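Below, each chain spelled out in residue letters.
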Amino acid sequence: MTTLSFRPLLSGVALAALLAGCSSVRTQDSVAVGPTAADVPVIEARSLGRVLLVPIVSASPAGPVASADTVREALSTLPPSSIVTPESLLGPTPAGGWATVDEGRLLAAARGAGLSSVMIVRVDDYARRGTLAIAVAVPPVSWDTKTAVGVHLRVLDAATGAVRADVRRVRENGGLYTLRTADDLPQELNAAVASLVTGP
């Protein structure tokens, strides 16, 4: 009598399932001013009027650098005619970036130009992280990679200086047996920023 063993077949199926990946998207909000429900838009684009949009991106030489253009592109819910750049009001970007310019000066510039709002979008996390493990097991190699993007959004009323929204959102995408690279970061930044503003 021949005895059939299903162990290799089962191991192969299990391996294929693992290699398919366990990717997931996770978001976490830290709310100072804004809706307390997680992963919802923070403000409506139509309520902003003409807005001074100030993107502040990290400039770490040790890793990928976020693009201010990606931040602007993500805010497609804002009519292009409603967006005013800080360069047009305050001149060239300072050597240390717009993070070195205090909010009072931004508000004064916005009021002087007759704008309704100031929107500061700070990208404070922009990274690809991962681990690789080798063991005497099936499968013998495992990996866990993810992209992580952190965006801090502040919206100010230009006339009064009142804070209309102050929310930091972290978006992570990846997991066990998924392959995330630095090339995925612009898309994740776009998704994180776009999720904060609803419109039109």
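The present account deals with the structure reproduced in this document. Because the structure is a prediction, the values reported are computed rather than measured.

**Side note on the overall build of the protein**
For the protein, the helix and strand inventory stands at five helices and eight strands. Overall, the protein shows an N-to-C arrangement of helices and strands of α-β-β-β-α-β-α-α-β-β-β-α-β. Here the protein holds 200 residues, and the buried ones make up 35% of them. At a minimum sequence separation of 6, the contacts of the protein that also span at least 24 residues come to 72%.

**Comments concerning the nonpolar core**
The tendency in soluble globular proteins is for nonpolar side chains to be buried as a group. By size, the foremost hydrophobic cluster in this structure holds 27 residues, and its most contacted members are Met-119, Val-121, Val-151 and Leu-189. Elements supplying a minimum of two residues to this core: β3 (51-57), α2 (68-74), β5 (117-134), β6 (141-157), β7 (163-176) and α5 (185-194). For Leu-189, the residues in contact, after removing those within four places along its chain, are Ala-66, Ser-67, Thr-70, Val-71, Val-123, Tyr-126, Val-149 and Val-151. Core analysis: the next-biggest nonpolar cluster, separate from the first, contains 16 residues, Ile-56, Leu-90, Val-101 and Leu-156 among them.

**Examining the sheet that holds strand β4 (residues 83-84)**
Across a sheet, paired strands are connected by hydrogen bonds in the backbone, their directions being either parallel or antiparallel. Pairing in this open sheet of six strands is mixed, and the strands run β1-β7-β6-β5-β3-β4 from one edge to the other. On the outer flanks of this sheet lie β1 (24-33) and β4, each paired with one strand and no other. Strand direction decides the pairing type here: β3 and β5, joined by seven bridges, are parallel. Pairing of Leu-53 across the sheet is with Met-119, part of β5. Strand contacts of helix α4 (residues 103-112): β3, β5 and β6, with the helix running at about 135 degrees to β5, the strand carrying the most contacts.

**Some words on the side chain of Asp-125**
By the secondary structure assignment, Asp-125 is in strand β5. Taking relative accessible area as the criterion, Asp-125 reaches 17% and is therefore assigned buried. A polar atom in the side chain of Asp-125 sits 3.1 Å from the side chain of Arg-129. Discounting chain neighbours no more than four positions away, the residues touching Asp-125 are Ala-148, Val-149, Gly-150 and Arg-168.

**So, the side chain of Thr-145**
With respect to the helices, strands and loops of the structure, Thr-145 is situated in strand β6. Only 2.8 Å separates the side chain of Thr-145 from the backbone nitrogen of Arg-180, close enough to count as a polar contact. If near-sequence neighbours (up to four positions away) are discounted, Thr-145 is found in contact with Arg-128, Arg-129, Gly-130, Asn-173, Gly-174, Gly-175, Thr-178, Leu-179 and Arg-180.

**A short note on a nonpolar patch on the surface**
Where nonpolar side chains cluster on the molecular surface, the patch consists of Leu-132, Ile-134 and Val-141 and spans about 320 Å² of accessible area. Within the secondary structure, Val-141 sits in strand β6.

**Some points on the packing of aromatic side chains**
Under the criterion given, the structure shown has one aromatic pair. Considering the side-chain rings of Trp-143 and Tyr-177, the 5.3 Å spacing of their centres and the 80 degrees angle between planes classify their relative orientation as edge-to-face. Note that Trp-143 is positioned in strand β6 and Tyr-177 in the loop between β7 and α5, a separation of 34 residues in sequence.

**What to know about the pattern of salt bridges**
Applying the stated criterion across every chain, the model contains 13 salt bridges. Between Asp-39 and Arg-169 there is a salt bridge, with the nearest N and O atoms lying 4.0 Å from each other. Of this pair, Asp-39 sits in the loop between β1 and β2 (43-44) while Arg-169 sits in strand β7, placing them 130 residues apart in sequence. On the basis of relative accessible area, Arg-169 is assigned to the buried category, the value being 1%.

Rules of the game
Residues numbered from 1 in each chain as written. Predicted model: local features only at pLDDT ≥ 70, side-chain atom pairs only at ≥ 80, totals over all residues. Heavy atoms only, no water. Helix = DSSP H or I, 4+ residues; strand = E, 2+ residues; numbered from the N terminus. Buried < 20%, exposed > 50% of the residue type's maximum accessible area, 1.4 Å probe, protein only. Contact = heavy atoms within 4.5 Å. Core = buried A, V, L, I, M, F, W, Y, C linked by side-chain atoms within 4.5 Å. Pairing = 2+ DSSP bridges. Axes fitted to C-alpha atoms, helices over the stretch in contact; angles between N-to-C directions. Polar contact = N/O pair within 3.5 Å; in protein donor to acceptor, adjacent residues only side chain to side chain. Patch = residues over 30% accessible without salt bridge, like charges linked within 9 Å, V, L, I, M, F, W, Y side chains within 5 Å. Areas by Shrake-Rupley, 256 points an atom, 1.4 Å probe, with all protein chains shown as cover. Salt bridge = Lys/Arg side-chain N within 4 Å of Asp/Glu carboxyl O. Phe/Tyr/Trp six-rings, centres within 6.5 Å; stacked < 30°, edge-to-face > 60°.

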